[in-house]
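What the coordinates show
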Amino acid sequence: MMILAWLPFYPLISFALLIAFQRQLSWKLASVISVTTVLLSALSSGYLMWQLSFNDVTTLSVNLWQWFTLTSFDTGDTHQVNIAFYLDRLSAVMVCVVSGVGFLIHCFAAAYMKEDPHFHRFMAYMNLFLVAMLLLVLADNLVLLYLGWEGVGLCSFLLIGFWYKVPENAAAARKAFIITRIGDTALVIGLLFLFTSLNSLEINTLNTLAQGEWPLTEQRTFWITILLLGGAVGKSAQLPLQTWLPDAMAGPTPVSALIHAATMVTAGVYLIARMHHVFIQSPEVMTLIAWIGVLTLLIAGITALVQSDIKRILAYSTMSQIGYMMLALGAGAWSASVFHLMIHAFFKALLFLTAGAVIYALHHQQNIFKMGGLLKRLPVESAFFIVGLACLVALPGTSGFFSKEAIIGHLWQSPTAGPIFWWLAIIGALITSIYSCRLFFLAFMGSARENISIVKSDGVLIKASLSLLVILSLFGGWLNIDLTTVFQPLTTQVMKQEPSWLHSVAVATPFIGIAFSWWIFREYRLGNSTKIAQSYQSIQTNRVKRWCYSGLGFDSLYTHLVVTPFMFIAKVNRKDLIDQLVMLCAWYAKLLRDVAASLQNGLLRWYAAAFACGLMLWLGAWLV
Amino acid sequence: MSLNTWLLLTPQLLVALGVVCCLLLISWQRSQQIIAWFTLMVLLVTIVATVSLVGQPAVHVTELLYVDSFSLVAFLWVLLAGFAAVYMSKAYLHSHLEVHDEFYLLLLLTVLGAGVLVASDHFASLFLGFELLSISLVGLTGYFRHQRHAIEVSFKYLILSASASSFMLLGIAFLYSQTGSLSFVQMQAESADNMIAQIGFLLFIAGIGFKLSLVPFHFWTPDVYQGSPTPVTFVLATISKSAMFIALAKCFYVEGFQTLIALPSIHHALSALAIISMIVGNCLALGQNNIKRILAFSSIAHMGYLMIVLLVHQQQAILLARQAVLFYLFAYLIANIAIFGVLVLIERERNVGNNIELSHWKGMFWYSPIKALVLIVALLSLIGIPLTAGFIGKFYLIILAANNALWPLLIALIVGSGIALGYYLPMIFQLFKKEVVTMSHMTTWRIRLWISVIFLLSIGVGILPDMIITPLLNF
């Protein structure tokens, strides 16, 4: 119990220490503090996971203290909101991923950010992020979950804008914060709605209710689930609110790896998986989730095809992989979704961190059109990157293969999805392999297009954490996570006839994609400089490519629909109408002052007369 | 009359005895120190006696007086104010050469007058207390006859106060002519319909309203506040007003008067008085430079706020209203003690006589932070910012107004408080203005003790009202 109670709070200690002592701590001490506290969390979560897997414990829960009480409007019942943690298989997996991957990324970050003058602040924010994320995952009720939810949002904002002196970074941080805020608002409305309907916000109570006799009308359930989905969509950068994620790459690379690939952006997936009993009650919303997932994965994949910045490509690929998870949730393939979440955390962290190492080695060059030939120049990093990409395109044998096949395999038969989703997912997988190959050919093959020296980094920490991630990405698929205690398969399964060629097609898709790109991107592969420069130019000149490059125009759409009108209203109302009214009161007060003060002239006879007149007036008014 | 009846009157009797002893003392030996300490002792003994009496069952002492816990606690506030006033005067009179024994005598007489007022249950005793208070205050306001304005101020107060009491007497006579009684309790509910009785009641209110400086009877206030010696201004602001208000409240809460007040026309007339006082008082204080004038105008507004408690009807609300009056007056008292105490100190340091301007406060936070802090807390309390006593006082008023559906009064209270920020906050800002003044300021242990007691009281009552003050108000 104590282990569980303490688990999320270790990094908080380090956060407090780092904030309190700032630069008085040497680099070594600061990184030891911040990394060990995360290690403590990781070890405790590993221990708890072991207990859950091999002992006869299915859930663990610990109640720390009562936070506050809520009173229901209608009945007047009080409901306690506790700071309480709840650990079952699902949250155990999430905790392990968050703290484990978090630990590796912390190791990497300690080495990677060594030279930064604000190293302490950086590590402190990273620690705070882990605290919030662990709270989110372990929360026993939705209010505590929301605390963690907002906490990770705050840390994401702080870390995207970590180099806030560059205006673009600050703008990106603002954008991420505001857009996720839209989702958060939907979430909080959903929570309040849920509370007023069911008088409880405890996850277990809600799930038990949902498993038994669901007391709410269909319409109410629809609205509640759609509001919760709104929160998830905002946090996980899915379709209507996806535009913040690519810009969020303005943050330091470990941040992109930890927050915007491995952990925080999957919070939405976690929320839906956590509340899946409630979501099952509303099949329309399940289908909607599936549509959101599949559209996002296609849009993100198409956008990734024309990007030039290595981190943006990875960001779009993150979006599309989360799209897969959403699709799986929509199809009711809960455990496949969570499994993919875990595997994705491994290989995407690996990809981002390797990309970070490459960028560092190339003097902060992020444009893949200016890289080239890295296979020879950075062989170790290239090998790591290949492993990551292999997982991403789900080559057989890698962990990505297991998780993605699990998702795709569920789609055809699912009552809330169906063959069309299966086909779209296959197309998505095809696109994934194409953009992965494009990235690889441009950056790693051919010859160096810019003659710059390689910065040698001798970080043992960097290499060590990357190697561990490589091992996890390669063999993570063999990790057996058994989530049957948490998720029951959809009961209303209609056994549709499944064609026999499905699996072969799914397995073959990545290879088709690779073969296709081998042929179509041969100029990139061979390193034809003029062709490459031409195609770099064409991103700006070719209208279709430019449209794809800008994320299918969502940004400009939102600018025209929301930002411009808002700015217009703000501009029109610069002289704040309400303010004018308020100032009118002040003006009247001054006027009254002047009138009344002119009566205070210090003359006794005048005062006596005024007394009498006042009395007469008062009595007169009373008589009338 | 049994012994118990006399026992409950002990505080007033003690003060009266103190007055007599004071006279004897003066004829025996004239000394600045002795008389001051003696007065302090009298007040201290009376305070102890009053505190020990709180909670005794209420008793009629003859037909004239009615002593219950309400009037005892109110008298306790008056005594505390008197104690503070003597303490301030000690510091203030120190700088003058004469022996000022009459000053202390008059002060004790004022306290005695207030004591009669808070216990009165009869128009005769009310008038007695009223006049005792007024006459001794006339003496006090003009006491330093060599100072500029002293005579002028004293005359203004004398003449206006006399005309006010004549109006009041006329009102009482009208009431008597219709009810045949001067006792509050014998006021008949039937006579409420009578036009003469109603006019009499309003004239009576006008007389008291003069003392409370409600608009439109407020004209004397700023001039007298400004021209009087600072401790006397303090007495005017606290003892005189609290006692008057308590007397009015005792009168209002009697059943006979309740039916009178419940009449819409009377109710409207009283509400109008309160609302105009809140708004005009606060507006007048805007843009003033003289601190005592600001306090004068703000006192108009505060009395206006307090009028809310007189306009409640239901029996339960009256119970709460009594607590509210006492609490509000206590908060007001503490804030005034703090401000006037510091004013006396500053006047002595800077040697500016009576005319203390806002500019004398400039940058005080930087060279004497403790005094500035006391002032800030007191001003915040007058504004009614949470964690000060004033907030809880105002909170009581708002609850009462809301529960009794006195919406116009509540709106005026809120608007008035908003306007009040327009002069209280600049006073606080003034304390923080950077100015390089190297003031020599003496802080003896006595001043420090005095200041810290005030500070702790005003914060303590705001944070822990239950512990400090509520036990006194549970009757």
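Fair warning: this is a prediction, and the values are worked out from it, not measured in the lab.

Take the pattern of salt bridges next. In total, this model carries 13 salt bridges over all chains according to the counting rule given. R30 of chain B is the salt-bridge partner of D101 of chain B, the closest N and O atoms lying 2.8 Å from each other. Of this pair, D101 of chain B sits in helix α5 (residues 101-119) while R30 of chain B sits in the loop between α2 (10-28) and α3 (32-53); the two residues are 71 residues apart in sequence, bridging distant segments of the chain. Judged by its relative accessible area of 2%, D101 of chain B is buried. Of the charged contacts in the structure, one is a salt bridge between D68 of chain B and R322 of chain B, with a shortest N-O distance of 3.6 Å. Here D68 of chain B, found in the loop between β2 (65-67) and α4 (69-93), pairs with R322 of chain B, found in helix α14 (residues 315-350); they are 254 residues apart in sequence, far enough to count as distant. What you see here is one network of salt bridges that share partners, running through K175, D247, R312 and D555 of chain A.

Further remarks concern the confidence of the model for chain B. Per-residue confidence for chain B gives a mean pLDDT of 88; residues scoring 70 or more make up 96%. For this predicted complex, the interface confidence comes out at an ipTM of 0.88, alongside a pTM of 0.66.

All names here are of chain A. As enumerated under the stated definition, the model contains 6 cavities of 30 Å³ or more in all. In this structure, the largest cavity encloses a volume near 90 Å³. Surrounding the largest cavity, Q242, T243, P246, I299, T303, R312, Y316, M319, S550, G551, F554 and D555 form its lining. Broken down by element, the residue count for the lining of the largest cavity peaks at 3 residues, all from helix α15 (residues 310-330). For the lining of the largest cavity, a count of residues per class yields 5 nonpolar, 5 polar and 2 charged.

All names here are of chain A. Residue placement: C391 occurs in helix α18 (residues 379-392). In sequence terms C391 and F402 are 11 residues apart; their C-alpha atoms lie 9.4 Å from each other. Beyond its immediate stretch of four places on either side in the chain, C391 contacts F347, T398, S399, G400 and S473.

The interface is formed by 19 residues belonging to chain A together with 36 residues belonging to chain B. Across the interface of chain A and chain B, roughly 2400 Å² is buried in total on both sides, 82% from carbon and sulfur atoms. For the chain A face of the interface with chain B, the top three residues by lost area are F611, W618 and W622 of chain A, together amounting to 35%. For the pair chain A and chain B, the number of links is 0 salt bridges. Inspection of the region where chain A meets chain B yields 6 residue pairs in polar contact (both at pLDDT 80 or more). When residues of the side of chain A that touches chain B are traced back to their parent elements, those giving at least two are α27 (577-599) and α28 (604-623) of chain A. If you tally residues by element for the side of chain A that touches chain B, the top one is α28 of chain A, at 11 residues. A class-by-class count of the residues in the side of chain A that touches chain B yields 15 nonpolar, 3 polar and 1 charged.

Procedures and definitions
Residues numbered from 1 in each chain as written. Chains lettered and ligands numbered in written order. Predicted model: local features only at pLDDT ≥ 70, side-chain atom pairs only at ≥ 80, totals over all residues. Heavy atoms only, no water. Salt bridge = Lys/Arg side-chain N within 4 Å of Asp/Glu carboxyl O. Helix = DSSP H or I, 4+ residues; strand = E, 2+ residues; numbered from the N terminus. Buried < 20%, exposed > 50% of the residue type's maximum accessible area, 1.4 Å probe, protein only. pLDDT = per-residue confidence, 0-100. 1 Å grid on protein atoms, 1.4 Å probe; cavity = no way out; pocket = protein on both sides within 12 Å on 5 of 7 lines; lining within 4 Å. Points joined across faces, edges and corners; volume = space filled by probe spheres on them. Nonpolar A, V, L, I, M, F, W, Y, C, P; charged D, E, K, R; others polar. Contact = heavy atoms within 4.5 Å. Buried area = accessible area lost by both parts, 1.4 Å probe. Polar contact = N/O pair within 3.5 Å; in protein donor to acceptor, adjacent residues only side chain to side chain.

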